[in-house]
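Reading the structure
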Amino acid sequence: MLTTNQSSYDLFCFILQRSKKEKCTFHFHNTTVNIFVAKSKKTLAKPGVKNIVLVDGVRTPFLQSGTIYADLMPHDLARAALQGLLNRTGLPKDAVDYIVYGTVIQEVKTSNVAREAALGAGFSDKTPAHTVTMACISSNQAMTTAVGLIAAGQCDAVVAGGVEFMSDVPIRHSRRMRKTMLSLNKAKTLGARLSLLGSIRLAHLAPELPAVAEFSTAETMGHSADRLAAAFGVSRLEQDEFALRSHTLAKKAQDSGLLSDVISFKVPGKDIVSKDNGIRPSTMEQMAKLKPAFIKPHGTVTAANSSFLTDGASAVLIMSEEKALAMGYKPKAYLRDFVYVSQDPKDQLLLGPTYATPKVLEKSGLTLNDIDVFEFHEAFAGQIMANLKAMESDWFAQTYMGRKTKVGAPPMEKFNSWGGSLSLGHPFAATGCRLVTTVAHRLQKEGGQYGLVAACAAGGQGHAMVIEAYPQ
Amino acid sequence: IYEVKDNVAVVRINDPTSKVNTLSRHMQAEMVEVMNEIWGNAAVKSVVLISRKPGCFIAGADINMIQACKTAEEVTSLSQEGQKIFDQVEKSPIPIVAAINGSCLGGGLEFAIACQYRIATKSKKTILGTPEVMLGLLPGAGGTQRLPKMVGLPAAFDMMLTGKNIRPDKAKKMGLVHQLVDPLGPGLKSPEERTIEYLEEVAVDFAKGLAGKKVTVEKKKGLVQKIQDFVMGLPPVRKQIYKTVHSKVMKQSKGLYPAPLKIIECIQTGIEKGNAAGYLTESQNFGKLAMTSESRALIGLYHGQVTCKKNHFGKPERDVKKLAVLGAGLMGAGIAQVTIDKGVATILKDTTEEGLARGHQQVYKGLNDKTKKKSLTTFERDGIMSLLSGQLDYRDFENADMVIEAVFEDLSIKHKVVKEVEAVIPPHCIFATNTSALPIKDIAAASKRPEKVIGMHYFSPVDKMQLLEIITTNKTSKDTTASAVAVGLKQGKVIIVVGDGPGFYTTRCLAPMLAEAVRALQEGVGPKKLDSLTTGFGFPVGAATLADEVGIDVAAHVAEDLGKAFGTRFGGGNVEVLKMMVQKGFKGRKSGKGCYVYGAKSKEKKVNSGAEDILKSFKLTAPPAVSADEDIQYRLVSRFVNEAVLCLQEGILPDPVQGDIGAVFGLGFPPCLGGPFRFVDSHGADKLVQKMKRFEEAYGNQFTPCQLLLDHAKDSSKRFHK
């Protein structure tokens, strides 16, 4: 506590830096003054570090794969999101210094999907673009790459985003078949070609399908989620309840027009799409009827309590605060500290949020109580419940994270209150931008100051970011 | 002892006196008591049987209980008691679910298959099997009767005759278990603890399902299964199977092992003559087998192996965290493989890039073969390989805790290496030498710190051969020994620790036998005949083939060195035969020619005519009095055994147990005889001495029995094993 004769200016500065509801005792000339510092939290601005802001964010409607987007290509969806961002912000195209875009399952023809999408979206062909990939946190990686470019003083305005298109995925010939076909190109004589063709066996014709499985362990993510839920003793009932909550909240948010990041998209040859189509609040009874999808017959993860395969794209405009203000924008939020974490891809595949949350809070000098808005990626209801239990456990924190105490679980009333990946859908590389934009919107709507985004990703990786509301 | 959860009685097996659960008399009695109580409890509708021990369901019957029996009848009645209990379990009015995590072997498996339903975890520690045959016994609590019905005749034969461990995935496919449960990772409890809990939860659910008829025990049979069942239903087909299996067993065991034949008899009786006859045959055969010398020998080896898997020299002052291996040859690379395999960083140093590349490839292949068998994932393989640093220089040797040299067997080269290495390693670093014959003290003569020098004699191929012979000199410190043993145990080895001297223990026993083999060859016994005589005695590899495997050059080298050290006792065959073969390039398998020709892929081994020519030029006449087949066998074996006993007499060998283990695991001494010392006990020292005297008359002092053997011959109460 402070016991000096400080000037009132110093005192003012000091009060600003205290967090809310904290009792501060000051001694002025032998007089004790107790001040309850109210809602004015400190800002997370750091000296010598540029303030970086989220100007705005949009996304295409997230649709179940195989539905209305089925005939598109990934860059078509990405283009829609980029154009939507331009429309929403009225941004002059040549004002963008750089574009970073995420994607997970790559369309091989458009391996740098960022560039292909940007060209068609009407950005200047002088704006470079690159694609990043980090499983379900690919667009988080796109955004933090943008933050890095701005923080390093190399760019002032960067567009980041991500796209996932599960209606069409690359299905390959078998390795043996590919080898034969490649050799065929090099074969010079007819005889050589015929003998190569003759070497083809029926088994070589079996295609290779991409799987949502870890390459290192060959375990599908749903299987791992089921084991994780079992490890933390998460029941089927808890999972179904959480999934139902997600759908119910998403429906409510959709109906009350809260999902303002969704843009309308005229799909070529089809109608205008302007709503997510995977939100389907069901009943506990109906959900209980489903059989487990991965661990049979005794598993707990079902189609109803998992996120579904989704097509969708998202985009955000990130700028230095100076530039945004100079261009006349009213930013939505500050993007503050962020972390990436990684753990054992077998048994802790989906525990990213548990590891990332305490780390990023520590970095920002905040506690869980300081956070007003939580947006966690919901890969599986069981995964969310497991993370919440892990975050509530001192034993887990001490045994596996090398921490003295647990970080604590977020209060549910602040948690994913406009739905989540389970209900809105989860186009892998587009989800990160949705989480960040939703935090910004919820902070504005609910009047909070800090938001926290956290997500798990294949490979046993994870991410968290602290977002601060832009003063209204 | 049991808890009722939702009308399901959960019985948690836990033997507080041991690390594993075994079916002892005590446990059986307790089990009967608990089951009777459960059957009497009307509130209980089903039962879950689970172990509280991580990594062990029930490891088998208590061997000591069987060994304590004096007569076959006693053992038979033990078997019948077991049969009775499991019969009650099988006929239980309420379903019993066996929830299996960890080893479920022998009597444990017989218990499990008597239950109505089986659930196993997919843990790496979960293995199912009937290893009784490896102890010269048979599954004596209904196993020979229930298994064929459960998994079919061919699979049942395979399991019981080989005793092999079955992994959970395979067990499910075979129909040995009904459901599998994944092992869990970290949660709110340790993975091991939570996995057992989870297994119990799942098992309780299934038990409820079984009680409520929501789960059925019978699984739908596929077409293949139906066809197989149909075919097996035909008596002539079954007869043919019995015949084939019988002749296969005879071919492999040479009729030296009674257990496999008795197993076939039990299965056949059960299927052809019905349950009552089958169970009776099983219990009677079990009793008979328990009284055989073969079973005693195999059980002795089992106990010996357990003893030799412990460190009797205490905990070393520091753990070996970085090991360096010199020489990337067959041995060096093999040592590196079994070290990185266990997570210890290893430097593999060679002098040439070709040598290094070859060694590196050997390690990679060894691990990659495991990925093909699915015992490793490719990522685990890559992670293990990342611990290996192949190099040509002494970089990073300053961080090595132990150096094992496996360079060429030449004293001056070894001295050079000692000096080079000691210039770069830290003071605490141990220098181990992998030599098969050079005395360690001679190698240590070049060392500035002989207390840190020790011999570690590995056997080729290192990743397959279980034995490690550790040799201490009178200067080797106890901590150095403790550390070498610790490293060997980590590498998964069975370890004997012996004194220093030319050929130590193992090579010294093998050399006279090989000298006698050369003698026999010179006398006109062909390599094939020699091989069949030795395998007929129970050696897994024939003497001529063994010489090719070891390397004729190595054999020549050792024969000459040990011949110099021990004189005429190591005579018999002419070393020049071996030297001439080496000169002609017949170095054994590695050079493509030795006693045999090793052609590409041809199954039938051809005798090397070049070697035959050499043998002809060294031809000796066989003394007819000692050249019958059996005589040749005993000439070979008696020289081996006499040398082993002499090693004990001279104190090279600390005890007969290690002598038996070393001979069986390192040299392939017939396991059914239990090792040279148990062989003397069971054969009778006097009879052996008589034979040797006869040979001595014909050949000379290489057959002179040593004093200790004579002592045993004189006094039949003297035995190496109590």
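Residues numbered from 1 in each chain as written. Chains lettered and ligands numbered in written order. Predicted model: local features only at pLDDT ≥ 70, side-chain atom pairs only at ≥ 80, totals over all residues. Heavy atoms only, no water.

Of regular secondary structure, chain B possesses 30 helices and 19 strands. Relative to a compact globule of 722 residues, whose C-alpha radius of gyration would be 27 Å, chain B shows 28 Å and is just as compact. Expressed along its principal axes, the backbone C-alpha trace of chain B runs to roughly 80 × 60 × 50 Å. Among the 722 residues that make up chain B, the fraction classed as buried is 57%. For chain B, long-range pairs separated by at least 24 residues make up 73% of all intrachain contacts whose partners lie at least 6 apart in sequence. Charge centroids of chain B, computed over 97 positive and 78 negative side chains, lie 5 Å from each other. (Helix = DSSP H or I, 4+ residues; strand = E, 2+ residues; numbered from the N terminus. Rg over C-alpha atoms; globule rule 2.2 N^0.38 Å. Buried < 20%, exposed > 50% of the residue type's maximum accessible area, 1.4 Å probe, protein only. Contact = heavy atoms within 4.5 Å. Lys, Arg positive; Asp, Glu negative; His and termini not counted. Charge placed at Lys NZ, Arg CZ, Asp CG, Glu CD.)

In this model, Lys-296 of chain A is joined to Pro-297 of chain A through a cis peptide bond whose omega is 0°. Take Pro-297 of chain A: it is sitting in the loop between helix H9 (284-289) and strand S10 (310-320). The omega torsion across Ser-460 of chain B and Pro-461 of chain B is -10°, close enough to zero to call that bond cis. Among the secondary structure elements, Pro-461 of chain B is positioned in the loop between strand S15 (453-458) and strand S16 (467-472). The phi torsion at Lys-213 of chain B lies on the positive side, around 60°, for a residue other than glycine.

On to the UniProt feature "site: Important for hydroxyacyl-coenzyme A dehydrogenase activity" (unreviewed entry) in chain B. Residue and element names in this part refer to chain B. The UniProt record marks His-457 with the feature "site: Important for hydroxyacyl-coenzyme A dehydrogenase activity" (unreviewed entry), using the residue numbering of this structure. As for its placement among the helices and strands, His-457 is situated in strand S15. Among residues more than four places away in sequence, those in contact with His-457 are Asn-434, Thr-435, Ser-436, Leu-467, Leu-468, Glu-469, Ile-471, Phe-504, Thr-506 and Thr-507. (UniProt positions renumbered as here; feature names shortened; annotations may be inferred.)

This paragraph deals with the UniProt feature "active site" (unreviewed entry) in chain B. All names here are of chain B. With numbering matched to this structure, UniProt assigns "active site" (unreviewed entry) to Glu-469. If you trace the backbone, Glu-469 turns up in strand S16. Classification of Glu-469 as buried rests on a relative accessible area of 0%. Glu-469 has contacts with Gly-455, Met-456, His-457, Phe-459, Ile-496, Val-498, Phe-504, Tyr-505 and Thr-506, leaving out every residue within four places of it along the chain.

By a widespread convention, an interface's size corresponds to the accessible area lost as its parts come together. Contacts between the two partners involve 19 residues from chain B, matched on the other side by 19 residues from chain A. Summing both partners gives a buried area of about 1,600 Å² for chain B against chain A, and 64% of it is carried by carbon and sulfur. Put simply, chain B and chain A have zero salt bridges between them. If you look at where chain B meets chain A, you find three residue pairs in polar contact (both at pLDDT 80 or more). Elements that contribute at least two residues to the side of chain B that touches chain A include exactly strand S9 (179-181) and helix H8 (191-211) of chain B. Per-element tally for the side of chain B that touches chain A: the top contributor is H8 of chain B, with five residues. Of the residues in the side of chain B that touches chain A, the class split is 11 nonpolar, five polar and three charged. (Buried area = accessible area lost by both parts, 1.4 Å probe. Salt bridge = Lys/Arg side-chain N within 4 Å of Asp/Glu carboxyl O. Polar contact = N/O pair within 3.5 Å; in protein donor to acceptor, adjacent residues only side chain to side chain. Nonpolar A, V, L, I, M, F, W, Y, C, P; charged D, E, K, R; others polar.)

Another point: the side chain of Ser-79 of chain B. Residue and element names in this part refer to chain B. Take Ser-79: it is sitting in helix H3 (residues 72-90). For Ser-79, a relative accessible area of 3% puts it in the buried group. Excluding residues within four positions of it along the chain, Ser-79 makes contact with Gly-140, Ser-283 and Phe-286.

Per the UniProt entry, the sites bearing "domain: Thiolase C-terminal" (unreviewed entry) are residues 329-468 of chain A in this numbering. Here residues 329-468 of chain A runs as 36% helix and 21% strand, with 17 Å between its end C-alpha atoms.

Moving on, we get to the domain arrangement of chain A. In terms of domain boundaries, chain A breaks down into domain 1 (2-37), domain 2 (52-168 + 256-469) and domain 3 (175-205). Computed from C-alpha atoms alone, the centre-to-centre distance between domain 2 of chain A and domain 3 of chain A is 44 Å. (Domains from an automatic or database assignment.)

Before going further, it helps to examine the UniProt feature "domain: Thiolase N-terminal" (unreviewed entry) in chain A. UniProt's entry tags residues 52-322 of chain A with the feature "domain: Thiolase N-terminal" (unreviewed entry), counted in the numbering of this structure. A helix fraction of 36% and a strand fraction of 15% characterise residues 52-322 of chain A, whose end C-alpha atoms lie 9 Å from each other.

The subject of this paragraph is a positive patch on the surface. Residue and element names in this part refer to chain A. Side chains of Arg-175, Arg-176, Lys-179 and Arg-201 sit close together on the surface and give a patch of like positive charge. Mapped onto the fold, Arg-175 is located in helix H5 (residues 175-186). The exposure class of Arg-175 is exposed, given its relative accessible area of 61%. (Patch = residues over 30% accessible without salt bridge, like charges linked within 9 Å, V, L, I, M, F, W, Y side chains within 5 Å. Areas by Shrake-Rupley, 256 points an atom, 1.4 Å probe, with all protein chains shown as cover.)

With that settled, the discussion passes to the pairing of S15 of chain B. Residues and elements named next belong to chain B. S15 sits mainly inside the fold: six of its six residues count as buried. The two faces of S15 match: Val-453, Gly-455 and His-457 on one face and Ile-454, Met-456 and Tyr-458 on the other face are all buried. Note that strand S14 (residues 430-433) and S15 share three bridges and pair parallel. The residue of S15 that forms the bridge with Phe-431 is Val-453. Relative to S16, S15 runs antiparallel, the two sharing four bridges. Bridge pairing links His-457 to Glu-469 in S16. (Pairing = 2+ DSSP bridges.)

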